[in-house]
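# Overview (structure and organization)
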Amino acid sequence: LYHNVTFGVLITLQSDNVDLFRDLSEAAGKWDGTLSFDIHGKQDPLPKSIEDAPYENRVKYTATVLNQYGLSSKFLDDWTKLLLREKISVEKLQRLNEGKLSCVDYKLSVPIETDLESLRQELFQLSMSHGTDVALQPYDVYRKHKRLVVFDMDSTLIQQEVIDEIARLAGVVNEVAAITESAMNGEIDFKESLRRRVSLLKGTSVDVLQTVKENLIFTEGAHFLCQALKKIGFKLAVISGGFIPLAKHVKNELGLDYAFANQLKVSTDGKTFTGETVGPIIDGERKAELLEVIAQAENVTLDQVIAVGDGANDLWMLAKAGLGIAFNAKPRVQEKARARINQKSLKYILYLLGYSDDDTKQLLL
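This report concerns the structure included in the present document. (Residues numbered from 1 in each chain as written. Predicted model: local features only at pLDDT ≥ 70, side-chain atom pairs only at ≥ 80, totals over all residues. Heavy atoms only, no water.)

## What to know about the pairing of strand β7 (residues 258-266)
Stated precisely, the cut-off is as follows: Strand pairing is assigned whenever DSSP detects at least two bridges linking the two strands. Counting from the N terminus, the helices are the DSSP runs of H or I reaching at least four residues and the strands are the DSSP runs of E reaching at least two. When the strands point away from the viewer, a crossover counts as right-handed if the route from the first strand across the helix to the second turns clockwise.
As defined by bridge partners, strand β6 (residues 235-243) adjoins β7 across four bridges and the pair is classed as parallel. Across the sheet, residue Ile239 finds its bridge partner in β7, namely Phe260. In this fold, β6 hands off to helix α9 (residues 244-254), which returns the chain to β7; that crossover is right-handed. In this sheet, strand β8 (residues 273-278) lies alongside β7 in antiparallel orientation, the contact comprising three bridges. Bridge pairing in β8 links Leu264 to Thr277. Linking two consecutive strands that pair antiparallel, namely β7 and β8, is a turn of six residues; a positive phi of about 75° is found at Gly270 within it.

Following this line, the structure appears as structure tokens:
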């Protein structure tokens, strides 16, 4: 089952002539094959296909392997050896991309006693050593029936960190960027890091927000992905530790349904920032809470939610969602997330949902 080619066929005999079995057995012997068969009664339930056949004490998963530059023979060799070592059988595989082979979706049969956390660590190491993503998900009805995607904003939907861009215009970019990096790596508490960074913006003109807005660079594939997801009925949200004027701009640009972010306090004359925020701070835990609130409002289960982010403050919502994706994330986030994409474009998220290039072409007609 794990290192031999296995064929199965269901046949109905029109007579009691058993010579067929003798002939098949002799033919199998010539090819060093083994022939085995079971006789099904008329009342016995039969699987619709061989991939639906029951496997005792095994669980079905899907694994999506992805490298935008192509799947190397060395990766495929190491990947196959890992499957053999873990006694994981491949029931079905499907190529999802056009052109050079870069994405394959595997339907796997995994022994029920497999330590999934240990397996995920093996897959993480395999991914890192080959620069090739391997996303393991339960093979169930929710895989292709997600209904809500919640995105982080900075370094996810857009390429910049907005507070760093504001700080650049305020002349304090080095100080703010150092704090931002520590926060995203989980080295300091997000609320404290935000307080420190915002305090450095005291006296900065509110006009810088418009300048930052005009210079935002959207991540490759952001528009493509959001357009495709909206076409098939998804609700989309951005929940950011950044600031609401920019989050609303991103919401409008991408056609999202929800936007949540922090609010900078403005002086009484409305011209400058005071160096403080207004209202509850959106940190990691708050992001997860808002994800759940949106899911409840849209009447979808958490199994139907996807979360996408790159920083340590995204870990809570990545864990809360049915599918949490670390997108070009910090090392600590990649190690803890259940799925990761280390490719340039957000469009590759569609592969993790099982959609092929042909499928997405139809969505964008």
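Following the structure, the description resumes.
## Things to note about the pattern of salt bridges
Our working definition: We count a salt bridge whenever a side-chain nitrogen from Lys or Arg sits within 4 Å of a carboxyl oxygen from Asp or Glu. Classification of residues uses two cut-offs on accessible area relative to the type maximum, computed with a 1.4 Å probe and protein chains only: under 20% is buried, over 50% is exposed, and between them is partly exposed.
For the structure on display, the rule yields 20 salt bridges. Of the charged contacts, one joins Arg196 and Glu192 as a salt bridge, the two residues approaching to 3.1 Å between their closest N and O atoms. Note that Arg196 and Glu192 are positioned in helix α6 (residues 190-199) at a spacing of four residues, about one turn of the helix. A relative accessible area of 36% places Arg196 in the partly exposed class. On the basis of relative accessible area, Glu192 is assigned to the partly exposed category, the value being 27%. Residue Glu289 is joined to Arg286 by a salt bridge in which the shortest nitrogen-to-oxygen separation is 3.3 Å. Placement of both Glu289 and Arg286 in helix α10 (residues 284-297) is noted, with a separation of three residues, approximately one turn of the helix.

## A short note on the sheet that holds strand β11 (residues 339-341)
The criterion, for reference: Simply put, an axis is a line fit to the C-alpha atoms, just over the touching stretch for a helix, and the angle between two N-to-C directions goes from 0 to 180 degrees. Residue contacts are defined here by distance: any two heavy atoms, one from each residue, within 4.5 Å place the two residues in contact.
Strand order in the open sheet formed by seven strands is β8-β7-β6-β5-β9-β10-β11, and the pairing between neighbours is mixed. The open sheet has two edge strands with one neighbour each: β8 and β11. Taken over all neighbouring pairs, the strand axes of this sheet differ in orientation by 25° on average, direction set aside. Sitting on the sheet, α9 is in contact with β6 and β7, with an inclination near 150° to β7.

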